[in-house]
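Single-letter residue listing:
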Amino acid sequence: MDKMLKESVAALFCYVIKLDDKDLELERPLFARYMEQDFDLSEEESLALFDEVIEKEYNIDTQIAMIANGLTNETYKKMSVLKQLNHIIIRSKLEDDDYNLFDKVKKAFFPTE
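As a starting point, this report considers the structure included with it. Note that this is a predicted model, so its numbers are computed, not measured.

Reading the values: rules and limits
Residues numbered from 1 in each chain as written. Predicted model: local features only at pLDDT ≥ 70, side-chain atom pairs only at ≥ 80, totals over all residues. Heavy atoms only, no water. Phe/Tyr/Trp six-rings, centres within 6.5 Å; stacked < 30°, edge-to-face > 60°. Buried < 20%, exposed > 50% of the residue type's maximum accessible area, 1.4 Å probe, protein only. Lys NZ or Arg CZ within 6 Å of the ring centre and 35° of its normal. Helix = DSSP H or I, 4+ residues; strand = E, 2+ residues; numbered from the N terminus. Polar contact = N/O pair within 3.5 Å; in protein donor to acceptor, adjacent residues only side chain to side chain. Contact = heavy atoms within 4.5 Å.

**A look at the packing of aromatic side chains**
The geometry of an aromatic ring pair is captured by two quantities: the separation of the ring centres and the angle between the planes.
So, step 1. Across all of its chains, the model carries 4 aromatic pairs by this definition.
So, step 2. Their ring planes at 70 degrees and their centres at 5.7 Å tell us that Y34 and F39 sit as a pair that is edge-to-face. For the pair Y34 and F39, a shared accessibility class is recorded, and that class is buried.
So, step 3. Put simply, the rings of F13, Y34 and F39 pair up and form one aromatic cluster.
So, step 4. K78 extends its terminal NZ or CZ atom over the ring of F110, reaching a point 5.0 Å from the ring centre.

**Topic: the side chain of S8**
So, step 1. Within the secondary structure layout, S8 lies in helix α1 (residues 3-19).
So, step 2. By relative accessible area, which is 1% here, S8 ends up buried.
So, step 3. A polar atom in the side chain of S8 sits 2.8 Å from the side chain of Q63.
So, step 4. Setting aside its immediate chain neighbours within four residues, S8 contacts Q63, M66 and I67.

Structure, rendered in structure tokens:
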């Protein structure tokens with residue numbers, strides 16, 4: 001999987017982590033485990049990506065579109081991203097904005113005709 005797609009997924013997850021002011025030290029190992037499992041990154045690579053991406057600002061709509069395009073024929077990976085996104089969201093106080101974002105991602109991944 002190309003670096004740009006991995007960075008877009010990381011940007012999406014980090015956006016949600018920052019949105020809810022989560023404890024970054026608690027989120028780093030979970031982020032790393034997911035990136036290792038589904039994106040074939042080593043723990044070291046995953047943590048370096050987390051540290052790089054968490055400091056940046058991204059246009060989240062652009063990142064969502066890049067992920068959707070990059071995973072066009074990869075339903076399992078899209079579902080895996082949604083599952084992990086949901087996991088990150090429910091680890092904190094739930095806000096309507098959190099699930100509005102989840103719905104936005106879901107619609108981008110699986111648009112209805």
